[in-house]
Amino acid sequence: MRVVLYISWLIFVFSFSTSANAQANGNFKDIYSGGITFESGLGNYSVRDEYISEEKYSGTLPYYRVGWSRAHDKYIYNLDMEFRYSSAIENYNVSTEIYQFAFDQGFLYPFTKRSLFSKDIYIYLGPGSEFYFFYNKPDIAVSGYDYAQSSAALFAAAVNAEIIYPLNDYFLIESSCKVDVLSLGFRLVDMEEEDENTVKILTLFSGTNLSYSLGGRYRVIDQLSFELAYRMELTRISAWQPLLSASDNIILGVRYEF
């Protein structure tokens, strides 16, 4: 259901933006200027990693992100790094350690601004790339190395979209979405029991990794702003023994623009 929601959101953004004649807005830098961003948050997290078990593990997974962006004459370049870790993801009395790391870069191209409720709304769309890594280490006693842990990684080409809706000079509503569309995937497999490659080419449907956020940003001064947002993440890798993880997060952030 979440995959359908995100894909529909991207189709809406693309249709809406292309209907705007795909002309760059001259003052888009005033709305999305370059800067550095720090974010942290916490949210509910659940994972079903069938390499380890068919049971669902859940708990809270902290969120940390550092981002850097630079506005050029016709586009914005973004560079982001995200890290998440918790040793308290549990299934009854069995716990597991979860590590997630993502490093991505992307380009956002502005389109002609439109109006919504008599206020301007700005839409950005562009390509990106991402490295995503997942590591799962259950707290169980086993004799074999492979059975005691699970890992997966994606080197992916992605599509990025962002909407910025300024309510006034100080407060903005922001929404963004990223989805990996084609990936080179890696997965830990059981070499003794399975004759399967650890590397495969994955599509949107066999190697889904996406995120969506919606929140507000308040400018204290021209260069400093604070953010409160909701962020949803979903990862689904089905080319091997299935891996499915999802999280809902509340994010606090600060951005210094230059």
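Just so it is clear, the model here is predicted, and its values are computed rather than measured. (Residues numbered from 1 in each chain as written. Predicted model: local features only at pLDDT ≥ 70, side-chain atom pairs only at ≥ 80, totals over all residues. Heavy atoms only, no water.)

**Student:** Please clarify how a nonpolar patch on the surface should be interpreted in this entry.
**Tutor:** On the surface, a nonpolar cluster with roughly 730 Å² of combined accessible area is contributed by Tyr170, Phe171, Ile173, Leu214, Tyr218, Val220, Ile221 and Phe226. Sorting the residues of the nonpolar patch by element identifies strand 9 (171-187) and strand 11 (207-219) as the ones contributing at least two each. Among the secondary structure elements, Val220 is positioned in the loop between strand 11 and strand 12 (224-237). (Patch = residues over 30% accessible without salt bridge, like charges linked within 9 Å, V, L, I, M, F, W, Y side chains within 5 Å. Areas by Shrake-Rupley, 256 points an atom, 1.4 Å probe, with all protein chains shown as cover. Salt bridge = Lys/Arg side-chain N within 4 Å of Asp/Glu carboxyl O. Helix = DSSP H or I, 4+ residues; strand = E, 2+ residues; numbered from the N terminus.)

**Student:** What should I look at first to understand the environment of Val179 in this one?
**Tutor:** Tracing the backbone through its elements, the reader meets Val179 in strand 9. Taking the relative accessible area as the measure of exposure, Val179 reaches 4% and is therefore buried. Placed 56 residues apart in sequence, Val179 and Thr235 show a C-alpha to C-alpha distance of 10.0 Å. (Buried < 20%, exposed > 50% of the residue type's maximum accessible area, 1.4 Å probe, protein only.)

**Student:** Explain the confidence of the model for the protein chain here, please?
**Tutor:** Interpretation of this model should avoid reading the predicted coordinates in detail wherever pLDDT is low. Confidence along the protein chain averages 85 in pLDDT terms, with 83% of residues attaining 70 or more. In the model of the protein chain, helix 1 (residues 2-18) stands out as the element of lowest mean pLDDT, 49, in contrast to strand 12, which has the highest, 96. Across residues 14-26, where pLDDT falls below 50, the model places 19 contacts with residues more than four positions away in sequence or in other chains. (pLDDT = per-residue confidence, 0-100. Contact = heavy atoms within 4.5 Å.)

**Student:** What is the right way to look at the nonpolar core in this model?
**Tutor:** Across soluble globular proteins, nonpolar side chains have a tendency to be buried as a group. Within the largest apolar cluster, 15 residues are counted, with the highest numbers of intra-cluster contacts made by Tyr45, Val47, Ile89, Ile98, Phe134, Ile237 and Leu243. When residues of this core are traced back to their parent elements, those giving at least two are strand 1 (35-49), strand 7 (119-138) and strand 8 (150-166). Counting residues in each nonpolar core, the second largest holds 9 residues, with Tyr32, Leu108, Tyr122 and Tyr124 among its members. (Core = buried A, V, L, I, M, F, W, Y, C linked by side-chain atoms within 4.5 Å.)

**Student:** Where do I start with the pattern of salt bridges in this structure?
**Tutor:** Any two side chains of opposite charge can pair, so long as their charged atoms come close to each other. Applying the stated criterion across every chain, the model contains 12 salt bridges. Its salt-bridge partner being Glu82, residue Arg231 comes within 3.5 Å of it at the nearest N-O pair. Of this pair, Arg231 sits in strand 12 while Glu82 sits in strand 4 (residues 76-91), and the two are 149 residues apart along the sequence. For Glu233, the salt bridge identified is with Arg231, shortest N-O distance 2.9 Å. For the pair shown, Glu233 and Arg231 are each scored as buried. A cluster of three or more residues bridged by salt bridges with shared partners is formed by Glu82, Arg84, Arg231 and Glu233.

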